[in-house]
Amino acid sequence: MTQPTSLLMPIPGAFLPPASPQLDISADEQNLIAMLAAKLTVLSTDMRISQLYYDGLQRLTNLGISVPPSLAGIRTVVDWPRICVDPLVERAEIDGFWIPGENALMTELDEIFGANDMQAEFPLAVQDSLTLGRGYMIVGAPDYGEDSPIVTVESPFNLSCNWDPRTRRVTAAYQSYEVEGVFRAVLYLPDVTVSMSRDQFSAWTVDDRDEHNFGEVPVVRMPNRSRTAD
């Protein structure tokens, strides 16, 4: 039996935009946000504990088996999770992209990989997957004047998604985070991306509704030890 040393990290679901007729979102979108925010809050508890193990901050409870009473108050920390995860992250390198049926490496994907500095960013997604059970990447439109789409690695503490086991694709995703006192939330759907924000003293507003025809959610899920039953 173990107890986490701290669970005081902010709960992303607490940033949930409330139902409001002033918000430019439908009832179905609001229901999706509520469900995915609740899912994110539930998943965050186990992820925090896993993160504490990786950081070597998880205190182990004295089971009273071999520790003498005089040493019972000494804090015991096990650092094996980090020692096991880090070598795997270091070996997770991508040398190139090979598409089935092609006879050469895909130089276009290599260029996108390099433009987004994924040689440094991709290991972060691998580390999240190994440590927290899941990693996420988001594909966005190119900046003005640029050709390469923007690919970013996102924290599992800030993002949850619905997953279709039949198509093996994300059907909806919700992201919530706070930067310098500004709370932001994003709902990703196959045909629209809804971006919302508020500060500490104002109500939620919809900043942008990006209508598109991707046909799929631009969120990539990287599960660790995925099972058919999960």
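There is about 510 Å³ of room inside the largest pocket. In this structure, the largest pocket is lined by 17 residues; those nearest its centre are W163, R221, P223, S226 and D230. Among the secondary structure elements, those contributing two or more residues to the lining of the largest pocket are α1 (27-55), β3 (134-140), β5 (159-164) and β10 (219-223). For the lining of the largest pocket, the class distribution of residues is six nonpolar, four polar and seven charged. Looking at the second largest pocket, its volume works out to about 360 Å³. Around the second largest pocket sit 17 residues that line it, and I138, V139, G140, Y188 and T193 are the ones nearest its centre. Of all the elements in the fold, those that place two or more residues in the lining of the second largest pocket are β3, β4 (150-154), β6 (169-179), β7 (182-188), β8 (192-198) and β9 (205-211). Its residues placed into classes, the lining of the second largest pocket shows nine nonpolar, five polar and three charged.

Quick look at the packing of aromatic side chains now. Within a pair of aromatic rings, the relevant descriptors are the distance that separates the centres and the angle that separates the planes. Tallied over the entire structure, the rule returns one aromatic pair. Relative to F113, the ring of F97 has its centre 5.6 Å away and its plane inclined at 65°; by these criteria the two rings are edge-to-face. Of this pair, F97 sits in the loop between α2 (80-91) and α3 (107-115) while F113 is found in helix α3, placing the two residues 16 residues apart along the sequence. The positively charged end of R221 is found above the aromatic ring belonging to W163, 4.2 Å away from the centroid.

Once that is clear, we can look at the sheet that holds β7. Reading across from one edge, β5-β6-β7-β8-β9 is the order of the five strands in this open sheet, with antiparallel pairing throughout. Of all the strands in the sheet, just β5 and β9 have a single pairing partner and so form its edges. Taken pair by pair, the neighbouring strands of this sheet meet at an average axis angle of 10°, ignoring direction. Sheet topology places β7 next to β8; six bridges connect them, and they run antiparallel. By the bridge assignment for β8, Y188 is matched with T193. Strand contacts of α1: β5, β6, β7, β8 and β9, with the helix running at about 110° to β5, the strand carrying the most contacts.

Turning to the environment of L88, a few remarks are in order. Within the secondary structure, L88 sits in helix α2. Here the alpha-carbon distance between L88 and P123, two residues 35 residues apart in the chain, equals 9.6 Å.

On to the packing of α1 against helix α4 (residues 118-132). Relative to each other, α1 and α4 sit at 105°, their axes nearing to 9 Å. What the angle tells us is that α1 and α4 run roughly perpendicular. Contacts between α1 and α4 pair M47, S50, Q51 and Y54 from the former with Q127, T131 and L132 from the latter. For the contact of α1 with α4, the class distribution of residues is three nonpolar, four polar and no charged.

Taking strand neighbours across the sheet as the criterion, the three strands line up as β4-β3-β10 in an open arrangement whose pairing is antiparallel. Bordering the open sheet on either side are β4 and β10, each of which pairs with just one other strand. On average, each strand axis in the sheet is inclined to that of its neighbour by 20°, with strand direction left out of account.

Conventions used here
Residues numbered from 1 in each chain as written. Predicted model: local features only at pLDDT ≥ 70, side-chain atom pairs only at ≥ 80, totals over all residues. Heavy atoms only, no water. 1 Å grid on protein atoms, 1.4 Å probe; cavity = no way out; pocket = protein on both sides within 12 Å on 5 of 7 lines; lining within 4 Å. Points joined across faces, edges and corners; volume = space filled by probe spheres on them. Helix = DSSP H or I, 4+ residues; strand = E, 2+ residues; numbered from the N terminus. Nonpolar A, V, L, I, M, F, W, Y, C, P; charged D, E, K, R; others polar. Phe/Tyr/Trp six-rings, centres within 6.5 Å; stacked < 30°, edge-to-face > 60°. Lys NZ or Arg CZ within 6 Å of the ring centre and 35° of its normal. Pairing = 2+ DSSP bridges. Axes fitted to C-alpha atoms, helices over the stretch in contact; angles between N-to-C directions. Contact = heavy atoms within 4.5 Å. Parallel < 35°, antiparallel > 145°, perpendicular 65-115°, else oblique.

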